[in-house]
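Observations on the three-dimensional arrangement
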Amino acid sequence: MLKQYLEAGKIVGTHGVRGEMRVECWCNTPAFLSKLKTLYLDGGRTPLSVTCRPHKNIALVTVKGVDSIEKADELRGRILYLNRDDVHLSKGEHFVQDIIGLKVTDAGNGTVYGEIKDVLKTGSNDVYEMQGGDKKLYYIPVIPDIIDRLDFDAGAAYIRPMKGLFDDED
């Protein structure tokens, strides 16, 4: 089951004296947050009316009602959440938080190889870090030749493993 509220970033400090906060983004880019008008605290229970703007590798966030450095500093260290209903993803895009935890399953015979522990950004394509039943880490390139489909309802990432993916074959 997909979570309704997803971690968007962490408030790491203040910016200026009027309550603006520095947020370490856990999204693709700080510009991603600038499209949102509402973020949440407390796992999604406390809505905040916000304006966000990218600044270098962080987002600067202003919260309605937080108008001083002292009020902003009280929120330092808190995690901000977004509501998945407020975000439109293009076809084929997914939230990393939805992918982590999927069981890596053979699309042909149903063998479960392990569980996705992380999604690594490599530039050319993403790579799924999977922990196998043997507790070893394996790296699965996210390319059409290998990834068959993601089924979030079944909690599975179906793959077509290529020779050498899970062993040291040439």
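For the structure, see preceding data.
Our subject in this report is the structure included herewith. (Residues numbered from 1 in each chain as written. Predicted model: local features only at pLDDT ≥ 70, side-chain atom pairs only at ≥ 80, totals over all residues. Heavy atoms only, no water.)

1. A word on the overall build of the protein chain
In plain terms, the rule: Numbering of helices and strands runs from the N terminus, with a helix taken as a DSSP run of H or I at least four residues long and a strand as a DSSP run of E at least two residues long. Three exposure classes are used, based on accessible area relative to the maximum for each residue type with a 1.4 Å probe and protein chains only: buried under 20%, partly exposed in between, and exposed over 50%. Note on contacts: a residue pair is in contact if any heavy atoms of the two residues lie within 4.5 Å. Note on areas: these come from Shrake-Rupley sampling with a 1.4 Å probe, and a residue is covered only by the protein chains present in the view. By the counting rule applied here, Lys and Arg register as positive and Asp and Glu as negative, while His and the ends of each chain are not counted. In plain terms, the charge of a residue is placed at NZ if it is Lys, CZ if Arg, CG if Asp and CD if Glu.
On a plain count of helices and strands, the protein chain comes out with 3 helices and 12 strands. In the protein chain, buried positions account for 38% of the 170 residues. A separation threshold of at least 6 residues defines the contact pool for the protein chain, and within that pool the share at least 24 residues apart is 48%. Accessible surface, the protein chain as shown: approximately 10100 Å² in total, 49% of it carbon and sulfur. Of note, the protein chain has its 23 positive side-chain charges centred 7 Å away from the centre of its 26 negative side-chain charges.

2. Some words on the environment of D151
So the rule is basically this: N or O atoms closer than or at 3.5 Å make up a polar contact, with two conditions inside protein: a donor-capable atom paired with an acceptor-capable one, and, for residues adjacent in sequence, both atoms drawn from side chains.
Here D151 shows up in strand β11 (residues 147-151). C-alpha of D151 to C-alpha of G16: the two residues are 135 residues apart in sequence and 45 Å apart in space. A polar side-chain atom of D151 sits 3.1 Å from the main-chain amide nitrogen of D153.

3. Re the sheet that holds strand β7 (residues 103-106)
This is how the line gets drawn: Pairing between strands is defined by DSSP: at least two bridges between them are needed. Under this scheme, a helix contributes an axis fitted over its contacting stretch, all axes are lines through C-alpha atoms, and angles between N-to-C directions fall in the 0 to 180 degree range.
Read from one edge to the other, the open sheet built from 6 strands follows the order β10-β9-β8-β7-β12-β11, with strand pairing classed as mixed. Each end of this open sheet is capped by a strand with a single partner; those strands are β10 (137-141) and β11. Going from strand to strand, the sheet's axes swing by 35 degrees on average, the running direction of each strand aside. Bridge analysis of β7 against strand β12 (residues 156-159) gives 4 bridges, and the strand direction is parallel. Within β12, the position partnered with K103 by the bridge is A156.

4. Some points on the nonpolar core
Put simply, the rule is: The set of buried Ala, Val, Leu, Ile, Met, Phe, Trp, Tyr and Cys residues whose side-chain atoms join them within 4.5 Å is what this entry labels a nonpolar core.
Formed by 25 residues in total, the largest nonpolar core has its most connected members in L33, L39 and L82. If sequence neighbours within four positions are ignored, L82 has contacts with Q4, Y5, L6, A8, C27, F32, L36, L39, Y40, V87 and F95. I116, V119, M130 and I159 belong to the second largest nonpolar core, which has 16 residues in total.

5. Quick notes on unusual backbone geometry
Unusually for a residue other than glycine, D42 sits at a positive phi of about 55 degrees. Note on placement: D42 falls in the loop between β3 (38-41) and β4 (46-55). Phi at K56 takes a positive value of approximately 55 degrees, unusual for a residue other than glycine. Counting through the fold element by element, K56 comes out in the loop between β4 and β5 (58-63).

6. Here we look at the packing of aromatic side chains
Applied cut-off: Aromatic rings from Phe, Tyr and Trp, with only the six-membered ring used for Trp, were paired whenever their centres fell within 6.5 Å, and each pair was classed as stacked if the ring planes differed by under 30 degrees, edge-to-face if by over 60, and tilted otherwise. Only Lys NZ and Arg CZ are tested; either one counts as a charge over a ring when it is within 6 Å of the ring centre and within 35 degrees of the ring normal.
Applying the stated criterion to the full structure yields 1 aromatic pair. Its end group placed over the ring of Y158, R149 keeps NZ or CZ at 4.0 Å from the ring centre.

That's the geometry; what it means functionally is another story.
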